[in-house]
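# Per-entry structural report
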Amino acid sequence: CAVAATGSSAGGSRVSGAREEGEAPLEALTAKLSLEEDAKQEALGEPAAAPQKPKPKKDKKPAGVVLIKVDKRRGRKFVTTITGLEQHLGQGETLKHAAKSLSGQLAAGASHVKGSAGVPDHILVQGDRAEELRAYLTDKVKVSAGQIKMVTSDS
């Protein structure tokens, strides 16, 4: 593929393959080349390649409910537990990364706790931060408000 430089009135050079106003976009040019190749194959007696259909995008399965639970600890202390968040995180993100992000965003201690014996993995946040967590999850993590369930314990 040879590329020739052409002079312009300003004295600079321009590559002849560069796009100028009024030129067809790259997709149209590649489609034209594809049609030319198909015509050559048909002329040689070879069957033309079948046009490829665009693959339908797989719909994401609806993620489950995110449960925000506020438990009372010693005296006037509270702890907020978040379960079901791992289904809403992006690819490559973990609950550990989410806990670190939450601790910075809420200015409170947050940690990832591995589940055991029927208890799923969850995030613990120090303090009663349920409303702030709801706002964070809907704004930053893009969890719909209908998928967030809030529970408070009566201890």
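Cut-offs and rules
Residues numbered from 1 in each chain as written. Predicted model: local features only at pLDDT ≥ 70, side-chain atom pairs only at ≥ 80, totals over all residues. Heavy atoms only, no water. Helix = DSSP H or I, 4+ residues; strand = E, 2+ residues; numbered from the N terminus. Contact = heavy atoms within 4.5 Å. Areas by Shrake-Rupley, 256 points an atom, 1.4 Å probe, with all protein chains shown as cover. Axes fitted to C-alpha atoms, helices over the stretch in contact; angles between N-to-C directions. Left-handed = near helix turned anticlockwise from the far one by under 90°. Nonpolar A, V, L, I, M, F, W, Y, C, P; charged D, E, K, R; others polar. Salt bridge = Lys/Arg side-chain N within 4 Å of Asp/Glu carboxyl O. Buried < 20%, exposed > 50% of the residue type's maximum accessible area, 1.4 Å probe, protein only. Pairing = 2+ DSSP bridges. Core = buried A, V, L, I, M, F, W, Y, C linked by side-chain atoms within 4.5 Å.

Quick look at the overall build of the chain now. Helix and strand counts for the chain come out as three helices and seven strands. Reading the secondary structure of the chain in the N-to-C direction produces β-β-α-β-β-α-β-β-α-β. Counting only contacts in the chain whose residues sit at least 6 apart along the sequence, the fraction spanning at least 24 positions is 46%. For the chain, the exposed area adds up to about 12,100 Å²; of that, 53% sits on carbon and sulfur atoms.

Quick look at the packing of helix H2 (residues 95-106) against helix H3 (residues 130-141) now. Think of two packed helices as two axes; the pair is described by the angle between the axes and how far apart they sit. As a packed pair, H2 and H3 sit with axes 11 Å apart at the nearest point and diverge in direction by 120 degrees. Taken as a pair, H2 and H3 cross one another with a handedness that is right-handed. Every residue of H3 that contacts H2 at Ser 101, Leu 102, Gln 105 and Leu 106 is listed here: Glu 132, Leu 133, Tyr 136 and Lys 140. Classifying every residue of the contact of H2 with H3 by side-chain character gives four nonpolar, two polar and two charged.

A few words on the pattern of salt bridges. Scanning the entire structure with this criterion turns up one salt bridge. Between Arg 129 and Glu 132 there is a salt bridge; the shortest N-O distance is 3.5 Å. Residue Arg 129 is classed as partly exposed on the basis of its relative accessible area of 21%.

Within the fold, Leu 89 resides in the loop between strand E4 (78-83) and H2. Leu 89 sits 53 residues away from Lys 142 along the chain, and the two C-alpha atoms are 9.1 Å apart. Once residues within four sequence positions are removed from consideration, Leu 89 is found in contact with Thr 94, Leu 95 and Ala 98.

What follows covers the environment of Leu 95. Its place among the elements puts Leu 95 in helix H2. Under the relative-accessibility criterion, Leu 95 is labelled buried at 8%. Distance from Leu 95 to Val 113, taken between C-alpha atoms, is 8.7 Å for residues 18 residues apart in sequence. Each residue touching Leu 95, except ones within four places of it in the same chain, is listed here: Leu 85, Glu 86, Leu 89, His 112, Asp 121, His 122 and Ile 123.

With that settled, the discussion passes to the sheet that holds strand E7 (residues 148-152). What the five strands build is an open sheet, ordered E5-E6-E4-E3-E7; its pairing is mixed. Taken across any chain shown, the strands that pair with only one partner, and hence form the sheet edges, are strand E5 (110-113) and E7. In this sheet, adjacent strand axes meet at a mean angle of 20 degrees when their direction is disregarded. When E4 meets strand E6 (residues 122-126), the two strands line up antiparallel, connected through five bridges.

Another point: the nonpolar core. Formed by 20 residues in total, the largest nonpolar core has its most connected members in Ile 82, Leu 85, Leu 102, Ile 123, Val 125, Leu 133 and Leu 137. Secondary-structure elements contributing two or more residues to this core are strand E3 (66-72), H2, E6 and H3. With five residues, H2 is the largest single contributor of residues to this core. Not counting the four nearest positions on each side in its chain, Leu 85 is found in contact with Val 66, Leu 95, Ala 98, Ile 123, Leu 137 and Val 141.

Now for unusual backbone geometry. One non-glycine residue with positive phi stands out, namely Ala 107, at about 55 degrees. Tracing the backbone shows Ala 107 in the loop between H2 and E5. The phi dihedral of Lys 142 falls on the positive side, at around 65 degrees, and the residue is not glycine. Inspection of the secondary structure assignment puts Lys 142 in the loop between H3 and E7.

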